[in-house]
Amino acid sequence: MNAKRSWPLAALVIISIITTLGGIAMAMEQPVFTKLQQALIFIDDSLGRNDCDALFRATQEFKDTSGSGAGGEYPRNYFEALLELHRTATFRERFGKLEFPADKTVFLLGGHEYGGHVNVEFIARRKGWIFGPKAWRLRRIFVCR
C-alpha cells in the first residue's frame, strides 16, 4: 500500500477512536432513559446516596468550573431542595404514575403542585432512526424562586 494513501485512512481511524471514547465518557456521565421510571430510580438512588455530583453531572447543562472535576455551577441549595422533597416521599412515590409525553421533546418534573420550587427538566432526542424510541436525558435542575 502506498504510504501517501494510508495517512488519510490512519487519520480517520484515530478520529473514530477518539470520537468513540469521548461518546463513551459522555454516556457514562449522562444517562439516557426511555421510561420515566428509569429516571426516577436514578434520581432516587443519587439522593439516597447523598450523591450531589452524580446527579448534577448527569445533566446536560452541568459545567465543571472548579478545574478539579469535583464540582460545578449548581448551587448546593438545589440539591438540598431535592433532598427535602425526597425525605417526604421518594420521586418514584411522588411521580411514579407519570410517563414521558409521547408528543413532546421537553418534559418538566416537579414545581409548585408537587410541594416545592425545585424542577427537573428532561429533553428528548430520537434514538437511531426517525421512528426509533425517544432517548430522554436530564437537561437541568433548577429552583424557580
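Check the entry above for the structure.
The text that follows walks through the structure, step by step, so that each part is easy to find. (Residues numbered from 1 in each chain as written. Predicted model: local features only at pLDDT ≥ 70, side-chain atom pairs only at ≥ 80, totals over all residues. Heavy atoms only, no water.)

1. Structural notes on the pattern of salt bridges
When the charged atoms of two side chains lie near each other, side chains of opposite charge can form a pair.
Right, on to step 1. If you walk through the whole model with that rule in mind, you get five salt bridges.
Right, on to step 2. With a closest N to O distance of 3.2 Å, Arg139 and Glu121 form a salt bridge. On the criterion of sequence distance, the pair formed by Arg139 in strand β3 (residues 134-143) and Glu121 in strand β2 (residues 118-126) is long-range, its members being 18 residues apart.
Right, on to step 3. Residue Arg139 is classed as partly exposed on the basis of its relative accessible area, which comes to 28%.
Right, on to step 4. Counted as one network, the salt bridges with shared partners bring together Glu121, Arg139 and Arg140. (Salt bridge = Lys/Arg side-chain N within 4 Å of Asp/Glu carboxyl O. Helix = DSSP H or I, 4+ residues; strand = E, 2+ residues; numbered from the N terminus. Buried < 20%, exposed > 50% of the residue type's maximum accessible area, 1.4 Å probe, protein only.)

2. Observations regarding the packing of aromatic side chains
Right, on to step 1. According to the stated counting rule, one finds nine aromatic pairs in the structure shown.
Right, on to step 2. Ring centres 6.3 Å apart and planes at 35 degrees place the aromatic pair Phe107 and Phe122 in the tilted group. Of this pair, Phe107 sits in strand β1 (residues 106-110) while Phe122 sits in strand β2, placing them 15 residues apart in sequence. The two residues Phe107 and Phe122 agree in class, both being buried.
Right, on to step 3. Across the ring face of Phe142, the terminal group of Arg140 is positioned such that the distance to the ring centre comes to 4.1 Å. (Phe/Tyr/Trp six-rings, centres within 6.5 Å; stacked < 30°, edge-to-face > 60°. Lys NZ or Arg CZ within 6 Å of the ring centre and 35° of its normal.)

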